[in-house]
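# Coordinate analysis (summary)
Okay, here's what each chain looks like letter by letter:
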Amino acid sequence: MVTCHPLLSAICLLASFAASSATIGIDDPSLDAKVEALLRQMTPEEKVAQLVQYPIGQPTGPETGLVDLDSMIARGQVGALLGTAPVRRINTYQRLAMQGSRLHIPLLFGLDVIHGYRTVFPIPLGLASSWDTALIERTARVAAREASAAGIRWTFSPMVDIARDARWGRIAESAGEDPYLGSQIAAAYVRGYQGARLDAPDSLAACAKHFVGYGAAEGGRDYNTTEISEHTLREIYLPPFHAAVSTGAASLMSAFNALNGVPASANRFTLTQVLREEWGFRGLVDSDWLAVAQLIPHGIAINGADAAEKAFESGVDMDMTSGLYHRHLLDLIEAGRISPARLDESVRRVLRVKLALGLLEHPYTDESQESGAMLQPAAVVLAREAAERSFVLLKNADVGGKPILPLSDSVRHVALIGPLADDVTDMLGSWPGAGRGEDVVTLRQSFEERLGNRRLRYALGTGLTEGSDAAMRRAMRDTLRADVIVMALGESHAMSGEAASRANLTLPGRQQELLEKMVATGKPVVLILFSGRPLTLPWAFEKVPAVIAAWAPGIQVGPALMRTLFGESNPSGRLTVSWPRSVGQLPLYYNALNTGRPRNNPTEKQYVTGYLDEELTPQFPFGFGLSYTTFDYGPTQLSRQRLHVSTAEGLTATARVTNTGSRAGSEVVQLYVRLQGTSTAQPVRALKGFQNIVLAPGESRTATFQLPSETLAVWDIHNRYAVEPARATVWIAPDSARGKGAELEIVP
Ligand code: GLC
């Protein structure tokens, strides 16, 4: 007997409430009759066409055995397209489909709208660092309005893969390492994209990806094998997908990776047993790009027909770009290898999404709306706010008796040095949608606007991957009059994202050399670190007085950093990934099991887990981030010290939080739980709640968390979720490494 993860059912309850009270989508019962009425009229050829997805603009010439895209669309052989095109072109394709196909079934247009369409927000790892689901939902709503005005009605987002290894480039697209936070964020994106009604013209069908386990790639190497026990699948990797499904996500995307020996795009256990039979998901599953064809190199298919059969039978409804469903499904049905009933299942799902979007009634996009929808002033302000909230202040040491940040406006001369101070492309990060460099306000532009050319000297110093001695010398000269040196260093947009794993996480090129030269001047240095992942920079974290993780902040990077550096905005970002000291520590995550030889072993010092040549702890822990003020936490208090396993309402946890500094600040108050004595080993801490609270200087507030019993459930020895007798420790803390826990006995 398997039920929905109770932690998830709490989220599902919230999400389904949100969904039921707001989102009319694929579960709308009024769709059933329409779907059946259409399905009854369709021929097998027309049914297969609904499962075929091609890229816009991709050659489909004679060498592929397929005629050109336009004529295939006109003959009703295509169900969906993906990629960017002017809205006029999209309407042309749609007209071809509507007029050319017998039943006038519209095409579904999809695109990777990952962190904004034309208004580009911080990359998802940055947005997640805000720990603000309402903010994230707002950014997704803007993305939906802009993308739908451009003819797109389906986004291949949110990416909800749990990421525990910073070598993996796609950590940039993730919400980080925690399933609870990842679930909350997944639900927020779905609500933002799909809006109050999926059939509203400014709604996008969401597509939670990559189902499932993609982030567990061995060695952090993209597309690599994953071995994930069912226990870890259930506790770590599946929850964010369940949250997306429970929030009404219209689709999922099946992943590239082999999962326990079976490729995720041919994995019946996940695609059918979990997703359909357990969760009751009624939306469509689209394969990832060519993932159906990749079953051949994976070694489980010997040819295209075999690949098509295995992907389809496992539960992949639509074939993204391989053309194998187009070429083989009909033959497989005629040969009796695939049943007509199984074909109808997938076609229903596709029709359900198209009907839920209102595409049959409104297949075309009003072309007059496109330009006015882009970069609206409120969207640009939101982009700046989101960037400010994404920044994580990692270090802010005293210089001259006080923290170096925020800078005072009395600072006379600033030297701005580094390859990312005036770059537009890298600020957009990976998957920039329809973002344009011309829309980016760079750090240099904003500094010049604030200080003027007389007080600001800018120098490249070195390129991202290479640089000359002469350029370094010029930069050194530009620091001579500086009161403070601000450095903009890190990774290019191409050094993270897909197919961008790195085996070393240092600063590329000669950037470290440049940084050391700047620190050697003896002048105060502030390092702004732009990257798609944590970087292993122990020297910098020791020697540089202030470091801000800025990720890839999007189009408003300059204004957001100005407000942060000069204190109009008090940084409130918190890490959603454990920050490694060295690559050797990876994969690294806070919610780890204790092992039988833990480091904090009172009796054993040598034969314990750890490294001879590296710390066991991260450089900075999950949940960490500094502020320009300070916060103090009172003891965690529980409404009860004993809890019966069947007591549904659980308990209440509270702690007094005080702003002990001289500035107002926003604090992410975090709730963690540890369970001991359970039938399966549980993490040393697991996030079960968080709250953003804003406190004025000196202000105190009691943070209160309701902890329903079901959020204390574990995936037990019998392969089900259950609340078990246990000794629980509960922390209300500023991050995953601090705080004094309160004890609770869960009794049978
Ligand atoms: C890519 C990515 C996937 C993306 C898809 C369509 O290979 O893996 O995240 O949505 O293709 O661009």
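Residues numbered from 1 in each chain as written. Predicted model: local features only at pLDDT ≥ 70, side-chain atom pairs only at ≥ 80, totals over all residues. Heavy atoms only, no water.

### Examining the sheet that holds strand β14 (residues 414-417)
- Pairing in this open sheet of six strands is mixed, and the strands run β11-β18-β17-β16-β14-β15 from one edge to the other. Only two strands of the sheet have a single neighbouring strand rather than two, namely β11 (392-396) and β15 (456-459). For this sheet the average axis-to-axis angle between neighbouring strands, irrespective of direction, equals 15 degrees.
- Relative to strand β18 (residues 546-549), strand β17 (residues 525-530) runs parallel, the two being bridged by four bridges. Each residue of the ladder has a partner; that of isoleucine 528, found in β18, is isoleucine 548.
- Running over the sheet, helix α19 (residues 469-478) touches β14 and β15 and is turned about 170 degrees from β15.
- Where helix α22 (residues 557-565) meets the sheet, it contacts β17 and β18, and its direction lies at approximately 145 degrees from that of β17. (Pairing = 2+ DSSP bridges. Helix = DSSP H or I, 4+ residues; strand = E, 2+ residues; numbered from the N terminus. Axes fitted to C-alpha atoms, helices over the stretch in contact; angles between N-to-C directions. Contact = heavy atoms within 4.5 Å.)

### What about the environment of isoleucine 152?
- Counting through the fold element by element, isoleucine 152 comes out in the loop between α7 (133-149) and β4 (154-155).
- In sequence terms isoleucine 152 and alanine 85 are 67 residues apart; their C-alpha atoms lie 9.4 Å from each other.
- Contact partners of isoleucine 152, with chain neighbours within four places excluded, come to Gly83, Ile90, Phe109, Gly110, Leu111, Ala147 and Leu204.

### Considering the nonpolar core
- In terms of nonpolar packing, the biggest core is built from 163 residues, with Leu81, Leu405, Phe447 and Leu565 touching the most fellow members.
- Here this core gathers at least three residues from each of two domains, domain 1 (384-582) and domain 2 (631-747).
- Discounting chain neighbours no more than four positions away, the residues touching leucine 81 are Gln53, Tyr54, Ile56, Leu69, Ile73, Tyr93, Leu107, Leu108, Phe109 and Gly110.
- Judged by nonpolar contacts, the second largest core, of 50 residues, contains Val519, Val544, Trp551 and Phe620. (Core = buried A, V, L, I, M, F, W, Y, C linked by side-chain atoms within 4.5 Å. Buried < 20%, exposed > 50% of the residue type's maximum accessible area, 1.4 Å probe, protein only. Domains from an automatic or database assignment.)

### Observations regarding the domain arrangement of the chain
- Domain boundaries assigned for the chain yield domain 1 (384-582) and domain 2 (631-747).
- With six residues of domain 1 at the interface, the matching set in domain 2 holds nine residues.
- Here domain 1 meets domain 2 over a buried area of about 530 Å², counting both sides, of which 38% is carbon and sulfur.
- When the area that domain 1 buries against domain 2 is broken down by residue, the three leading residues are Asn570, Ser572 and Arg574, summing to 69%.
- Across the contact surface, domain 1 and domain 2 share one salt bridge. (Buried area = accessible area lost by both parts, 1.4 Å probe. Salt bridge = Lys/Arg side-chain N within 4 Å of Asp/Glu carboxyl O.)

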